[in-house]
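Coordinate analysis (summary)
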Amino acid sequence: MKKLKCASFFAGVGGIDKGFEQNELFEVVYANEFDPYPVATYELNSDIKVDCRDIHEVEADQIPDFDVMLAGFPCQAFSIAGNRQGFDDEKGRGTLFFELVRIFKAKQPQIIFLENVKNLVGHDNGNTFSVIIGELKKEGYNVKYSVLNAMEYGNIPQNRERIYIVAFKDVEWYKNYEFPLPIPLTTKLSDIIDFINKLDDKYYYTEGKYKGDIYEKLIEAMDDDNAIYQWRRKYVRKNKSGVVPTLTANQGEGGHNVCLIKTKNGIRKMTPHECFNTQGFTKDFKLPSNQSESRLYKQAGNSVCVSVIARIANEIACAVSK
């Protein structure tokens, strides 16, 4: 079967694209992302030249023809961690979905793959999700969706629940498609986080380094060398599930949600690359050396679990190949 050409929107650093490209059936031919910082990371790890424009400026006839639309459209408007304004988001992030509608109406891809936060399903008593599914169905797509957790479906020790929507023009492909089944979690925290070696001093918390009594609270609370903790503005929380809590865009900035570990070399926050490892990116995934670490943490938190995407892509490949 000939390769299916993919066009990626709100591509970020390319996590969805990396997942699909692990299956030889899919070839990414176009990517759009308006933020130049993740674009630089994307291009460092791909031969694709990213279209770095606001999606409002991208005309459908400027995009090469494609078979599969990939999009992790901005989730802040629907996220529990955000203000949950949805389509009414004052920054306009909620309405960006309709730019995708404009494009798929014009381009008519055979398959549409969308990823977003779990909270999208229940937002505004389900009305937001109904509108999204309705737009797909109006254009003749047959839709399946499921909420999957990275630690149950991606063999990655991160508690990350996301909704995945797969829509097919072809009814037989739709009937053939099933979401992947859960798999055992065999990847250990030590496979993605370095608990042994001494790293750069900038990652460690030491007495007097930060305002207030943060260090003293960390010393008192962090008594487990095999756990992930979070500094939650005023207190320390241990993640009792034995995995990394959901990475967020403000991960690593020193404030809310920063993930911390206890090592023999001291208490430190996870490095940017450890955060990318926690999203299922490979150890050789390259990070730009000329960007601030806060930007890299944000890119990791905004990305997707690559291994979950790869499993979904494999099931799509099976569905269209039958």
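The following paragraphs examine the structure supplied in this document. Note that the structure is a prediction, hence the values are computed from the model and not measured.

What counts, and at which threshold
Residues numbered from 1 in each chain as written. Predicted model: local features only at pLDDT ≥ 70, side-chain atom pairs only at ≥ 80, totals over all residues. Heavy atoms only, no water. Buried < 20%, exposed > 50% of the residue type's maximum accessible area, 1.4 Å probe, protein only. Helix = DSSP H or I, 4+ residues; strand = E, 2+ residues; numbered from the N terminus. Pairing = 2+ DSSP bridges. Salt bridge = Lys/Arg side-chain N within 4 Å of Asp/Glu carboxyl O. Phe/Tyr/Trp six-rings, centres within 6.5 Å; stacked < 30°, edge-to-face > 60°. Lys NZ or Arg CZ within 6 Å of the ring centre and 35° of its normal. Axes fitted to C-alpha atoms, helices over the stretch in contact; angles between N-to-C directions. Contact = heavy atoms within 4.5 Å. Parallel < 35°, antiparallel > 145°, perpendicular 65-115°, else oblique. Nonpolar A, V, L, I, M, F, W, Y, C, P; charged D, E, K, R; others polar.

Details of the pairing of strand S9 (residues 258–263)
Burial analysis of S9 places 5 of its 6 residues in the buried class, which makes it a mostly covered element. As judged from the 4 bridges shared by strand S7 (residues 228–231) and S9, these two strands associate in the antiparallel manner. Of the residues in S9, the one forming a bridge with Gln 230 is Cys 259. Pairing geometry for S9 and strand S10 (residues 266–269), over 4 bridges, is antiparallel. For Ile 261, the partnering residue across the bridge sits in S10 and is Arg 268. Count of turn residues in the S9/S10 antiparallel hairpin: 2 residues.

Focus: the pattern of salt bridges
Under the defined criterion, the tally for this structure stands at 16 salt bridges. Among the ionic pairs, Glu 99 bridges to Arg 102, the shortest N-O distance being 2.9 Å. Residue Glu 99 and its partner Arg 102 are both found in helix H3 (residues 97–107); the two are separated by 3 residues, about one turn of the helix. A residue is classified by how much of its surface remains accessible, and Glu 99, at 14% relative accessible area, is buried. Of the charged contacts, one joins Arg 162 and Glu 115 as a salt bridge, the two residues approaching to 3.7 Å between their closest N and O atoms. Residue Arg 162 is found in strand S6 (residues 161–168), and its partner Glu 115 is found in strand S4 (residues 111–117); the two are separated by 47 residues along the sequence. The buried category is assigned to Arg 162, whose relative accessible area is 11%. Note on Glu 115: relative accessible area 7%, which makes it buried.

Observations regarding the environment of Lys 188
As for its placement among the helices and strands, Lys 188 is situated in the loop between helix H6 (171–176) and helix H7 (189–192). On a C-alpha basis, the gap between Lys 188 and Gly 140 in space is 43 Å, while along the polypeptide they are 48 residues apart.

As for the packing of aromatic side chains
Here the structure, examined in full by the defined rule, presents 15 aromatic pairs. When the ring of Tyr 205 is compared with that of Tyr 210, the centres are 4.8 Å apart and the planes differ by 40°; the resulting orientation is tilted. Judged by relative accessible area, Tyr 205 falls into the buried class, the value being 5%. Note on Tyr 210: relative accessible area 31%, which makes it partly exposed. In this structure, Lys 169 is placed above the aromatic ring of Tyr 141, and the distance from its NZ or CZ to the ring centre is 4.6 Å. For the cation-ring pair, Arg 295 lies above Tyr 37, with the distance from its terminal atom to the ring centre recorded as 3.6 Å.

Some points on the sheet that holds S9
Two modes of strand pairing occur in sheets, parallel and antiparallel, and in both the strands are linked by backbone hydrogen bonds. Within the open sheet, the 4 strands sit side by side as S8-S7-S9-S10. Their pairing is antiparallel. Two strands lie at the open edges of the sheet, namely strand S8 (236–238) and S10, each paired on one side alone. The mean inter-strand angle of the sheet, taken between neighbouring strand axes irrespective of direction, is 35°. On the sheet, helix H8 (residues 214–221) packs against S7, S8, S9 and S10 and is oriented at approximately 150° with respect to S7.

Section: the pairing of S4
For S4, the tally of buried residues reaches 7 of 7 residues, placing the bulk of the element in the interior. With 7 bridges connecting them, S4 and S6 associate as antiparallel partners. Of the residues in S6, the one forming a bridge with Asn 116 is Ile 163.

What about the packing of helix H2 (residues 36–44) against helix H10 (residues 293–302)?
Two elements in contact, H2 and H10, have axes separated by 10 Å at closest approach and are oriented at 75°. The pairing of H2 with H10 is recorded here as roughly perpendicular in orientation. Contacts between H2 and H10 involve Tyr 37, Pro 38 and Thr 41 from the first element and Arg 295, Leu 296 and Gln 299 from the second. Of the residues that constitute the contact of H2 with H10, the class distribution is 3 nonpolar, 2 polar and 1 charged.

A look at the sheet that holds strand S3 (residues 68–71)
An order of S2-S1-S3-S4-S6-S5 is seen for the 6 strands of this open sheet, with the pairing classed as mixed. Across the chains shown, the open sheet's two edge strands, defined by having one partner strand only, are strand S2 (26–32) and strand S5 (142–149). Taken over all neighbouring pairs, the strand axes of this sheet differ in orientation by 20° on average, direction set aside. Alignment of strand S1 (residues 4–9) against S3, held across 4 bridges, turns out to be parallel. By the bridge assignment for S3, Ser 8 is matched with Leu 70. Each of S1, S3 and S4 touches H3; the most contacted strand, S3, lies at about 170° to it.

Things to note about the environment of Val 304
With respect to the element layout, Val 304 can be found in the loop between H10 and helix H11 (306–321). Residue classification places Val 304 among the buried residues on the basis of a relative accessible area of 5%. Measuring from C-alpha to C-alpha, the distance between Val 304 and Ala 167 comes to 19 Å, with 137 residues separating the pair along the chain. Each residue touching Val 304, except ones within four places of it in the same chain, is listed here: Gly 15, Ile 16, Glu 115, Gln 279, Phe 281 and Ile 309.

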